[in-house]
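Chain by chain, the residues run as shown.
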Amino acid sequence: MNRQLKLLFLFLLLPVFLFAQKKFAYVSGKVVDENENPLSNVSVVILGQSKGIITNDSGYFRIKVAADKAFAIVFSYSGRNTEQKNFLLSENEEESITVRLEKGEKTLDPVVVTDQRDRREAGLIRPNPKTVLNLPSAVTGVESLIKIFVGSNNELTSQYSVRGGSYDENLIYVNDFEIFRPYLVRSGQQEGLSFINPEMVRSINFYNGGFQAKYGDKMSSVLDIQYKKPKRFGGSAYASILEQGLEIENISKNSKFTYLLGIRNRSNRNLLSSQDTKGNYVPSSADFQALLGYQFNNKWSAELLGNISRTKFNLVPQFSQLTTSVFSPFFSATIGVDIEFEGREKDEYQTSMFGLAIINQPGKNVKLKWMLSRFENNEEENIDIAGAYLFGERDFDKRNPTYGLIINPLGAGIFHNFARNKLDIENWSVAHKGNYDAGKHAFQWGLNYDKSTITDKLNEWEFQDSAGYALPYQPNMLQLSKVIKSTADLGINKFSGYIQDNILLGNDSTHSTTITAGVRFNYNSLNKEFLISPRIGASWKPKWKKDIVFRAAAGMYAQPPFYRELRRYDGSVNINLKAQKSWQAVAGFDYNFIGIGGRPMRWTAEAYYKSMTDVVPYDIDNVRIRYFGENIAKAYAAGIEMRLHGELVPDAESWISLGFMKTNEDISNDFYYRYKNAAGEFITAQTPDQVPVDSVKFDVGWLRRPTDRRITFGMYFEDYLPTNKNFKAYLNLLYGSNMPYNIPNAVRYRNAAVIEPYIRCDIGFSALLMDDDRSKRRSHSPFRNFSTIWATLEVFNIIDRANTISYLFIKDFSNTVYLLPNRLTPRLINFKIVARW
């Protein structure tokens, strides 16, 4: 440890030493046009820096540069092609050059004025959607970018946990239509494509807490996506080993009709081929999306959003080898289990959605929107897999002929898992939204009616045999370890609405106070519960020299139950289940400052607290959530989050996120007994020498929730070569501290197992094969209409860490339980090419 601290200290001091020893040289010269006339006011900037100089009236310049180091200087002028020159100069050397800038199609980038909502609204993060396709990640999508801010423990899923909430506590909207996910998925292996097509996205608004009353009835987060509105013909195509996609957009000649089309295909076969369970994996997923728009006149318009998605997962498992190490004061060993399989798994998930919106803007201050949508989800699970296992100490001595084999058996048995599950969900939604801008007041309102029909049939059982005895053991009887047989046919009507006012206090908009106050209601016909949720948020920008905004939010957030929460462990449905409720408070600041190299940076920090009642406890196994189906707990979550955002080098966006969080729950009536012998001593098991004569009742009390991850860290970093901006590198780094894992049927040891910290580092290297300068292309070139073409090499899990997602519980001959980890994906290479036009 001391050595590591010394190395870290030297690493931190290294920039100081380098700065003290910095040497300089000079580059001077003249910039002219194609007729050798001098050009004044030409921008002369060292590549990777935001500040530079301009040429004088004679076109002359002289710039100070670093010596003994390769660098590039970029010359740019509006209406002319940009020119780049590379150098490597010695100390005090001066090189004189002449630069010729010819006329071209390229112009300087326009200045884009953006609003300040993400600074004034608590919990709001607005990442750049162009980052998504650059992000090296096993799953391509907006959700992979969101994980940088909230953390992750599974690279195979697009689901995420926010501030201690479950996967089911996150709202997703696309163009104001609520989006639903499949419900029967057990593992990230079975997941297909996320609904959101990243190449169609125009803006991303992500709220990780404290969101306004206009957003629906979930407790943790909101992901609000807006798709692009085409201004001209264009599109993109990308292809990689894992996924392929095509996006096309256009607008009619009269500018009334627009269309945005996207099609994708994905196969995780290469990812899953390296899993611990070997076999024939055949996963596939494809979808088609369309956004059609029509402008009737300057007051009326319409848009139609449609999606069709189909995911299949076929698995014929063959064998599996799991290994873990056991350390104790008495012995240490490498424990493993070898499993031989028979049977197969065949799952299918089909989703379709359409949404029609009519927009009316009768005046410049009023906007009205009517929406009609239908969502349908059809899911099937077919599992019939049997396995025989041998469990014991594994030999890892390469000198022995038994290397890799079980040499000291501790247990053996067979198991059989069977499932025939079918789920059909249909949801119709009719909604109206409106807003009215009255100067310092901006009113927003909405009404919504949802009718959901849920039909499902569950038929699951598990058989376990250990050392020739069926578990649980019953003499002269074949006993199944788990049986779930259930059917449900539910119809749910939901009414909801909201009204809120965004208030601007003061006359100075740059140093003002804003208040957002609103209330929403919800009525659910299934449990006959009517809910009122008041919410308020505020921001204050003081008249300080430092550009800082303070913000806070508080309110009540209720989550009416849907399909998964209603299901108990035994498969029965609790139609009287009440909504989970949460009172939340958030406070923080947003600080803009000038960082290293004179580049703007942004630091945000928030502290939050959530107090939850009527909580429905649950367990997580991979991505499958199993609820207790009862409002029998209370819980809380508290933490601090910090984010640093900026361009460490120009035109290269980077994010760093750090969070500390604690979430616990207290389940009512959870207790256990410990037994004493005649001497008053606690005993662990009944034996002829240890006979219980008395018992003591213990209440379990507060425990870690399944999502309790104390520390999360995420970083996305972009960079490029100092002499060539066309070669870029992308880094995606995630860390999450350990998480609890539930031990089944053990009240005393609930969530007592621990999943080790999740560490994941993905890296990508991109090269620009074709830039957007079309003046140099031949008229008959097949690439003449392309804007850019990039090629990327990605290395997933570059450190090859064996992250754990769940555990397999194995008992030996003495009934001792061992936990063997189920691992996630190892290191993998991916190649991707992206073309835009």
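Residues numbered from 1 in each chain as written. Predicted model: local features only at pLDDT ≥ 70, side-chain atom pairs only at ≥ 80, totals over all residues. Heavy atoms only, no water.

> Give a detailed account of the pattern of salt bridges, specifying residues and quantitative values.
On inspection of all chains with the given rule, the structure shows 43 salt bridges. For R264, the salt bridge goes to D287, with nearest N and O atoms at 2.7 Å. Taken together, the residues span a long stretch of sequence, with R264 in strand β15 (residues 257–266) and D287 in strand β16 (residues 277–295) at a distance of 23 residues. A relative accessible area of 5% places D287 in the buried class. Among the charged side chains, a salt-bridge network with shared partners connects R119, R163, K541, D547, R551, D590, R602, E606, E641 and R643. (Salt bridge = Lys/Arg side-chain N within 4 Å of Asp/Glu carboxyl O. Helix = DSSP H or I, 4+ residues; strand = E, 2+ residues; numbered from the N terminus. Buried < 20%, exposed > 50% of the residue type's maximum accessible area, 1.4 Å probe, protein only.)

> Describe the packing of aromatic side chains, naming the residues involved and giving the relevant values.
For any pair of aromatic rings, geometry is given as the distance between the ring centres together with the angle between the planes. Counted according to the given criterion, the structure contains 37 aromatic pairs. Where Y160 meets F206, the ring centres are 6.1 Å apart and the plane angle is 80 degrees; that geometry is what we call edge-to-face. Taken together, the residues span a long stretch of sequence, with Y160 in the loop between α3 (142–150) and β9 (170–174) and F206 in strand β11 (residues 201–207) at a distance of 46 residues. Ring centres 5.1 Å apart and planes at 65 degrees place the aromatic pair Y294 and F296 in the edge-to-face group. Here the aromatic cluster, defined as three or more aromatic residues joined through ring pairs, consists of F180, Y183, F375, F562 and Y563. We note R62 situated over the ring of Y26; from NZ or CZ to the ring centre the distance is 4.1 Å. Stacked on the ring of F671, the Lys or Arg K697 has its end atom at 4.1 Å from the ring centre. (Phe/Tyr/Trp six-rings, centres within 6.5 Å; stacked < 30°, edge-to-face > 60°. Lys NZ or Arg CZ within 6 Å of the ring centre and 35° of its normal.)

> How would you sum up a nonpolar patch on the surface? Please name residues and give values.
Taken together, the side chains of I241, F765, L769, L793, I829, F831 and I833 present a nonpolar region at the surface, about 630 Å² in accessible area. Of all the secondary-structure elements, those providing two or more residues to the nonpolar patch are β41 (758–770) and β45 (828–836). Inspection of the secondary structure assignment puts L769 in strand β41. (Patch = residues over 30% accessible without salt bridge, like charges linked within 9 Å, V, L, I, M, F, W, Y side chains within 5 Å. Areas by Shrake-Rupley, 256 points an atom, 1.4 Å probe, with all protein chains shown as cover.)

> Any chance you could break down the sheet that holds strand β35 (residues 694–699) for me, citing the residues and the numbers?
Strand order in the open sheet made by the three strands is β34-β33-β35, with antiparallel pairing throughout. At either margin of the open sheet sits one strand with a lone partner, and together these are β34 (682–683) and β35. As judged from the two bridges shared by strand β33 (residues 671–676) and β34, these two strands associate in the antiparallel manner. When the sheet's bridge partners are listed, Y675 is paired in β34 with I683. (Pairing = 2+ DSSP bridges.)

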